[in-house]
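This is what each chain is made of:
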Amino acid sequence: MKRWIIVLLAWSAVVSVLQAQSARSEGDPLMFYFDGRRGQVEVGGRYVGFEFHHSRPVPSRISFFYPVANSIDVSTDYWKRDNSLPWAIGFRIGDGQVEWIHRQSWSYILSPHKVTFLKKTDSLQWAITYESCFNEPAAVVSIVVMNSSRHPLTIELYTQLLMSLRTCQTYARRDTSLMAFNPGTQTLSSRFNYVETDSAAVFVQNVGEPPNEWMSDATIVGATDSGGSRWPLILYSASGKTSTQRTRGRGVAAFAYRKTLEPLDTLKIVQIVGSCRGREIAECASRLRLQWDDEILAYDEYIRTKAQKEAYFVTGNGEIDRSAVWARALIAANAHHLRGRIVPMPCPAEYNFFFTHDLLLTNLGAVNFDLPRVKENLLYLVSLSKDSVIPHAYYWRDDGFKTEYCEPENWNHLWFILVAGSYLRHSLDDSTGLLIYPGLRKSVHALLTRLHTDGLMYAYRPDWWDIGHIEGSRAYLTALTVRALREYLFISSFLHKTSAELLEYERTADAMQRALVERLWDRKDEYLTNFNEGAKDYHFYAGSLIAPVYDLLDQARAQKLVATAGRHLVDQRIGTRIAVPVDFATDSVIHSFKFAGAEAGPPYSYANGGVWPHGNAWFALALKSVNKLDESFSFVQRTMTIDGIARSPNGLPAMYEYRSSDPGSPEFGTIDKPSFLWAGGMYLQVLYRLLATDENEWNIGIRDALPSQCDSVSCSFSFGGLKELKVRRFPNGYCALTADGEAVPSRILPLDLRSKRRWELTGNTFRTPVLTSASAIVHSVVYDHEKKQIRCDVSSFKGHRTRLVMESESPPVRITVDGTLARWSDAPSKQSSPRRIGVEFQGSEQRQHIIAQF
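Notes on the structure follow. The structure presented is a predicted model; accordingly, all values stated were derived computationally and were not measured. (Residues numbered from 1 in each chain as written. Predicted model: local features only at pLDDT ≥ 70, side-chain atom pairs only at ≥ 80, totals over all residues. Heavy atoms only, no water.)

Here we come to the packing of aromatic side chains. On inspection of all chains with the given rule, the structure shows 50 aromatic pairs. On the numbers, 4.8 Å between centres and 70° between planes, the contact of phenylalanine 52 with tyrosine 130 is edge-to-face. Taken together, the positions of phenylalanine 52 in strand β3 (residues 48-52) and tyrosine 130 in strand β10 (residues 124-132) put the pair 78 residues apart, joining distant regions of the chain. Pair check on accessibility: phenylalanine 52 and tyrosine 130 agree, each one buried. Their ring planes at 85° and their centres at 6.1 Å tell us that tryptophan 100 and tyrosine 158 sit as a pair that is edge-to-face. Highlighted residues: tryptophan 100 in strand β7 (residues 99-100) and tyrosine 158 in strand β12 (residues 153-163), separated in sequence by 58 residues. Look at tyrosine 158 and you get buried, because its relative accessible area is 0%. Connected via pairs of aromatic rings, a cluster forms that spans Tyr78, Trp79, Tyr351, Phe353, Phe355, Tyr395, Trp464, Tyr606, Trp612, Tyr658, Phe676 and Trp678. Lying across the ring of tyrosine 194, arginine 174 places its NZ or CZ 5.5 Å from the centre. The ring of tyrosine 734 carries arginine 767 above its face, with NZ or CZ at 4.0 Å from the centroid. (Phe/Tyr/Trp six-rings, centres within 6.5 Å; stacked < 30°, edge-to-face > 60°. Helix = DSSP H or I, 4+ residues; strand = E, 2+ residues; numbered from the N terminus. Buried < 20%, exposed > 50% of the residue type's maximum accessible area, 1.4 Å probe, protein only. Lys NZ or Arg CZ within 6 Å of the ring centre and 35° of its normal.)

With that settled, the discussion passes to the sheet that holds strand β28 (residues 400-405). Strands sit in the order β26-β27-β28 across an open sheet of three strands; the sheet is antiparallel. The open sheet has two free edges, formed respectively by β26 (354-355) and β28, since each of these has just one partner strand. As judged from the six bridges shared by strand β27 (residues 391-397) and β28, these two strands associate in the antiparallel manner. Each residue of the ladder has a partner; that of tyrosine 395, found in β28, is lysine 402. Contacting β26, β27 and β28, helix α6 (residues 371-384) runs over the sheet at an angle of about 70° to β27. (Pairing = 2+ DSSP bridges. Contact = heavy atoms within 4.5 Å. Axes fitted to C-alpha atoms, helices over the stretch in contact; angles between N-to-C directions.)

With seven of eight residues buried, strand β49 (residues 777-784) lies mostly within the body of the structure. Hairpin connection of β49 to strand β50 (residues 789-795): four residues between the antiparallel strands, including lysine 788 at a positive phi of 55°.

On to the nonpolar core. Phe50, Trp87, Trp126, Tyr130, Leu157, Phe354 and Trp415 are the most contacted members of the largest nonpolar core, which totals 239 residues. Ranked by residue count, the leading element in this core is helix α9 (residues 475-494), at 13 residues. Setting aside its immediate chain neighbours within four residues, tryptophan 415 contacts His357, Leu360, Leu361, Leu364, Tyr476, Leu480, Ile546, Tyr550 and Trp618. If you look at the next biggest cluster of nonpolar residues, it comprises 21 residues, including Leu771, Val781, Val794 and Ala822. (Core = buried A, V, L, I, M, F, W, Y, C linked by side-chain atoms within 4.5 Å.)

The next thing to look at is unusual backbone geometry. Cis geometry marks the peptide bond from tyrosine 66 to proline 67, where omega comes out at 0°. Summarising the element assignment, proline 67 is placed in the loop between β4 (61-64) and β5 (71-72). The omega torsion of the bond from tryptophan 231 to proline 232 falls at 10°, within 30 degrees of zero and hence cis. Even without a glycine there, the phi angle at tyrosine 351 is positive, about 50°. Residue class for tyrosine 351 comes out partly exposed when judged on its relative accessible area of 21%.

This next bit is on the sheet that holds β7. Sheet architecture is open: six strands sit in the order β7-β6-β12-β21-β18-β19, paired in antiparallel fashion. The two strands at the open ends of the sheet, each matched to only one other strand, are β7 and β19 (236-237). Examined bridge by bridge, β12 and strand β21 (residues 251-261) share eleven bridges and lie antiparallel to one another. Its bridge partner being in β21, glutamine 160 is matched across the sheet by alanine 254.

Another point: helix α14 (residues 613-625). With 13 residues, α14 should cover 18 Å at 1.5 Å per step; its first-to-last C-alpha distance of 18 Å lies within 8% of that length. Of all 13 residues that make up α14, 13 are buried, and the element is covered over most of its length. (Expected span 1.5 Å × (residues − 1).)

The next point concerns the layout of surface pockets. There is about 1,300 Å³ of room inside the second largest pocket. Every element with two or more residues in the lining of the second largest pocket is listed here: α5 (356-366), β27, β28 and α9. Tallying contributions element by element places β27 first for the lining of the second largest pocket, with three residues. The residue inventory of the lining of the second largest pocket, partitioned by class, reads 23 nonpolar, nine polar and 14 charged. (1 Å grid on protein atoms, 1.4 Å probe; cavity = no way out; pocket = protein on both sides within 12 Å on 5 of 7 lines; lining within 4 Å. Points joined across faces, edges and corners; volume = space filled by probe spheres on them. Nonpolar A, V, L, I, M, F, W, Y, C, P; charged D, E, K, R; others polar.)

A few words on the side chain of serine 795. Position of serine 795 among the secondary structure elements: in strand β50. For serine 795, a relative accessible area of 7% gives the class buried. Polar contacts involving the side chain of serine 795 include one to the side chain of histidine 779, which spans 2.7 Å. Setting aside anything within four residues of it in sequence, one finds serine 795 in contact with Trp698, Ala776, Ile777, His779, Ser844, Glu845, Gln846 and Arg847. (Polar contact = N/O pair within 3.5 Å; in protein donor to acceptor, adjacent residues only side chain to side chain.)

Here we come to the environment of phenylalanine 595. With respect to the secondary-structure elements, phenylalanine 595 resides in the loop between α13 (587-593) and α14. Phenylalanine 595 sits in the buried class, given a relative accessible area of 7%. Remark: the alpha-carbon pair of phenylalanine 595 and valine 839, spanning 244 residues in sequence, is separated by 51 Å. Among all residues touching phenylalanine 595, those that are not within four sequence positions of it are Trp465, Ile467, Gly468, Phe584, Val589 and Ile590.

Let's shift gears to the environment of glutamine 846. Residue placement: glutamine 846 occurs in the loop between β55 (835-842) and β56 (848-853). For the pair glutamine 846 and phenylalanine 797, spaced 49 residues apart in sequence, the C-alpha to C-alpha distance is 7.7 Å. Glutamine 846 has contacts with Val794 and Ser795, leaving out every residue within four places of it along the chain.

Attention now goes to the pairing of strand β24 (residues 335-338). Moving residue by residue along a regular strand, the side chains alternate between the two faces of the sheet. Sheet topology places β24 next to strand β25 (residues 341-344); four bridges connect them, and they run antiparallel. Across the sheet, alanine 335 pairs through a bridge with proline 344, a residue of β25. In this antiparallel pair of consecutive strands, β24 and β25, the connection spans two residues, and arginine 339 shows a positive phi of 50°.

Let's shift gears to the side chain of threonine 738. Relative to the assigned elements, threonine 738 resides in strand β45 (residues 735-739). You can call threonine 738 buried: its relative accessible area is 15%. With residues up to four places along the chain from it excluded, the contact list for threonine 738 reads Ala743, Val744, Arg758, Trp759, Glu760 and Thr762.

That is the geometry; function is a separate question.
The following block contains the structure:
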């Protein structure tokens with residue numbers, strides 16, 4: 001009963017939306033009304049995911065993740081998978097003509113984890129909703145049809161789902177199955193007794209309006225891969241005895257429903273679609289019949305808790321803020337069952353296997369507010385490692401679970417180190433750090449086997465890709481390795497794993513940074529380039545943006561590189577192309593790069609010039625690195641928010657994998673995979689780095705500059721637990737932190753204050769000296785007003801080149817490090833801004849005591 005109350009309430013909301021034709025649902029940041037009637041939709045949960053095309057109200061693919069990742073998908077060409085129509089829905093009023101709705105394009109209300117498709121005619125109003133269970137291996141499809149005419153209508157409605165499975169990875173198609181219908185639980189099941197499907201069963205269970213008839217033979221009903229059917233015809237009575245039959249061809253779960261509707265009356269069909277082992281069908285159906293409504297409510301509450309209750313990020317800009325909520329929901333929803341665990345997965349329905357890369361890039365954003373998630377994910381990588389080598393991918397294939405391990409040049413080593421370093425800075429969790437440290441050490445050693453004597457990293461793959469086989473020096477890999485080595489220095493110091501090799505790694509990183517500029521900076525192009533077998537690669541890759549993102553270039557070169565990317569890679573309407581020119585599908589380039597055919601994709605699509613979320617994130621952060629904060633904020637709002645993306649050419653409410661970028665094509669801006677895990681994670685990373693925190697390899701700092709579009713920011717953030725942060729803009733630069741209301745003469749978070757809960761960047765009324773930057777772990781910072789001294793305790797490793805920067809209205813009288821006088825640099829203030837004072841000294845694994853006397 002409670003479920004039907006909820007359905008009726010939801011239907012009232014649907015009617016209101018239809019009447020108002022609202023552009024979006026204003027009251028709920030996790031509901032987006034879209035009337036574009038185009039493009040893809042992907043939603044799902046832990047056990048089932050749906051992929052829709054052309055805004056059709058029926059899926060082209062249904063992915064199951066229990067017991068293993070099988071799917072219902074009858075496409076024959078990846079690039080034309082929208083032609084797959086395994087699910088068909090038709091209806092007629094009285095004895096009238098049948099109307100098929102599975103080829104129509106409808107409006108919808110989208111959430112990251114569910115969707116409701118809507119349609120209104122003169123006589124009927126429709127709402128078809130796809131939701132997911134929380135603990136049961138199933139999803140729930142609700143079809144609600146209301147008579148909006150003034151006269152009684154007899155409606156007959158028919159649904160058919162092809163019971164045909166694709167296996168994971170190998171993607172072999174299996175049609176033959178053992179079909180059975182149980183009238184007691186109103187469940188039609190299909191057992192696929194194949195090793196490669198892990199003997200999975202698929203079932204469709206009716207828990208709403210009971211069907212009048214059913215059929216399991218696809219040949220009899222004429223079910224085709226394109227949604228064809230010979231309905232209406234005589235089916236089996238749904239009230240008969242249990243029927244079991246061997247289907248020598250394709251099976252189908254076909255149901256017919258008949259009801260006379262008075263005006264404003266509704267037909268409510270609820271089908272549970274799921275997968276389990278054959279021996280579990282009866283028990284699973286019995287549980288779901290009683291608990292399905294609780295299950296979908298529990299999953300919805302879980303997603304909303306992760307998105308709206310556990311963390312927040314508020315700027316006052318409605319589009320930026322709602323997308324932060326959306327992104328947190330998305331990264332919570334894109335997790336599936338895999339061998340007894342719920343683990344992050346790229347999409348709700350596609351890429352139904354685990355990728356380390358997707359987990360790591362997502363956690364660059366999640367580490368700012370969800371430490372338990374990042375800890376669990378890092379330990380999961382350790383559990384899949386072999387001899388401390390981390391996995392690249394993990395999935396079911398043919399007869400068991402398979403692991404692909406990272407080769408030495410694999411960029412997962414780099415992101416593993418970066419995420420681990422960020423996790424330790426935010427969590428201060430040395431126990432987890434010690435567990436993952438052997439893997440980090442192995443990753444560093446593996447990476448450095450690809451370092452050549454010219455100080456550059458070499459790889460067979462271009463840029464960040466995992467395709468191609470032509471060796472050469474890589475700007476992306478070199479820049480990221482410099483950052484990873486410096487992260488490793490911090491990690492080792494934090495975990496007290498100091499050794500002589502750390503100093504050697506520091507020198508290596510410094511030499512690589514010099515080589516990056518000296519050997520890969522192209523003066524003519526004003527960009528970081530790459531080489532293939534000694535010859536210059538003429539392509540511009542988005543991966544070069546990593547250098548300014550991690551402050552590896554001087555300001556002059558950084559500004560030129562960002563300007564070059566803006567000219568060659570960026571289309572301000574949709575974002576950053578991943579590479580240009582878009583010739584990776586030509587015979588000559590396929591031959592020279594040794595691609596497997598046109599695997600890079602057609603021109604302006606996929607890796608061949610498509611726009612990807614990390615390219616947008618890197619460009620936004622590169623703009624920030626050259627102090628173009630307003631441009632960065634506008635770019636983010638336009639190309640990375642749900643609203644901005646939906647407004648753009650061929651846009652949708654999406655955080656996507658990639659979109660097509662040919663400005664001369666009617667497909668310009670078309671989105672593929674609209675619910676993509678690390679698109680959400682990287683959006684959140686950009687928000688924190690642009691508007692809240694500064695994070696170098698050693699510390700977390702709080703931003704003292706905001707775009708003009710944003711006066712203040714309030715957010716939750718991680719520092720030894722989940723804390724609260726408020727940031728405001730201070731034009732004159734005189735600002736410092738307070739922790740639980742107490743002044744802290746620093747914009748870096750000292751470890752000794754990890755227990756403080758509320759942090760705020762406030763005006764430095766007395767203009768006392770403030771610590772603003774440090775290339776060492778900062779343990780404490782205090783200011784003695786009576787003695788006019790700022791005192792800092794820091795640590796690193798022996799011989800480390802440590803630099804501290806302070807801001808002050810006046811120069812210091814003297815600075816000492818462990819009682820010894822130190823030299824400092826003094827950059828005079830400009831206008832009313834504070835002066836910058838820098839001091840350098842050799843580090844130590846022991847705490848070093850710095851006193852600056854003013």
